[in-house]
Amino acid sequence: PLPRTLVWSAEWLASARYGVDWEFTDYLDEVGGLSAPILLIHGTIDSDVPIATSRELAKARPDLVYDFYEAAGAEHTAAWNLDPAEYDRRVRAFLEDVIVR
């Protein structure tokens, strides 16, 4: 994980330089506008983005969520590190079933 001060600094810089509104990045209020199939992969111990966020998305748009893999014991963006074979299997299935068809 990155040090919090580095994350805060990067967010501040992105806001100042590019006008990123971090409050606007909460997409759960806009799930009605989603239209593409979704593969959700989220670590259960993610300390950056609560897993509740992905659970809410899956609940709100079951018509779009192709698969929701809750990687038990994985931190933020570490699901592949925890179980590369399972991660790859789910991504491959999503690509073959949803994207390639």
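That block above? That's the structure.
Summarised in this report is the structure supplied together with it. Sequence order as written defines residue numbering, which begins from 1 separately in each chain. Only residues with pLDDT of at least 70 are given local features in this predicted model, and only at 80 or more are side-chain atom pairs given and counted; all residues enter the totals for whole chains, interfaces and linings. Each side-chain value is derived from all of the structure's non-hydrogen atoms; neither hydrogens nor water enter the calculation.

1. Re the pattern of salt bridges
Right, on to step 1. We define a salt bridge as a contact between a side-chain nitrogen of Lys or Arg and a carboxyl oxygen of Asp or Glu at a distance within 4 Å. Counting across every chain of the model gives five salt bridges.
Right, on to step 2. The partner of D67 in a salt bridge is R90, and the shortest N-O contact between them spans 2.9 Å. Highlighted residues: D67 in strand β2 (residues 65–71) and R90 in helix α4 (residues 84–99), separated in sequence by 23 residues. Judged on exposure class, the residue D67 and its partner R90 are both buried.
Right, on to step 3. With a closest N to O distance of 2.8 Å, E86 and R89 form a salt bridge. Only DSSP runs of H or I reaching four residues or more are called helices, and only runs of E reaching two or more are called strands; each is numbered from the N terminus. Only protein chains enter the accessibility calculation, which uses a 1.4 Å probe. A residue is then buried if its area is under 20% of the maximum for its type, exposed if over 50%, and partly exposed in between.

2. Concerning the environment of P50
Right, on to step 1. Counting through the fold element by element, P50 comes out in the loop between β1 (38–43) and α2 (51–60).
Right, on to step 2. The spatial distance from the C-alpha of P50 to the C-alpha of H76 is 9.1 Å, given a sequence separation of 26 residues.

3. Details of the side chain of D67
Right, on to step 1. A residue is classified by how much of its surface remains accessible, and D67, at 17% relative accessible area, is buried.
Right, on to step 2. Contacts of D67, omitting those with residues within four sequence positions, involve I38, L39, L40 and R90. A contact between two residues is defined here by any heavy atoms of the two lying within 4.5 Å.

4. Some remarks on α2
Right, on to step 1. The set of residues buried in α2 consists of I51, T53, S54, L57 and A58. Taken around the axis of α2, the buried residues stretch over an arc of 155°, which confines them to a single face.
Right, on to step 2. Contact partners of the buried residues in α2: β1 and β2. The directions considered for the arc are those from the helix axis to the C-beta atoms.

5. Remarks on the nonpolar core
Right, on to step 1. For the purposes of this section, nonpolar cores are sets of buried Ala, Val, Leu, Ile, Met, Phe, Trp, Tyr and Cys residues that join through side-chain atoms within 4.5 Å. Counting residues in hydrophobic clusters, the biggest one holds seven residues: V31, I38, L40, L57, A58, L64 and V65.
Right, on to step 2. If you list the elements that add at least two residues to this core, you get β1 and α2.
Right, on to step 3. Once residues lying within four places of it in the same chain are set aside, the contact partners of L64 are L34, S35, A36, P37 and I38.

6. Points about the pairing of β1
Every regular strand shows the same layout, with side chains that alternate between the two sheet faces.
Right, on to step 1. The pairing of β1 with β2 spans six bridges and is parallel. Paired with I38 across the two strands is V65, which belongs to β2.
Right, on to step 2. Taken together, β1, α2 and β2 form a β-α-β motif whose crossover is right-handed. Criterion used throughout: strands pair if DSSP finds at least two bridges between them. If you view a crossover with the strands going away from you and the path from the first strand over the helix to the second runs clockwise, you call it right-handed.

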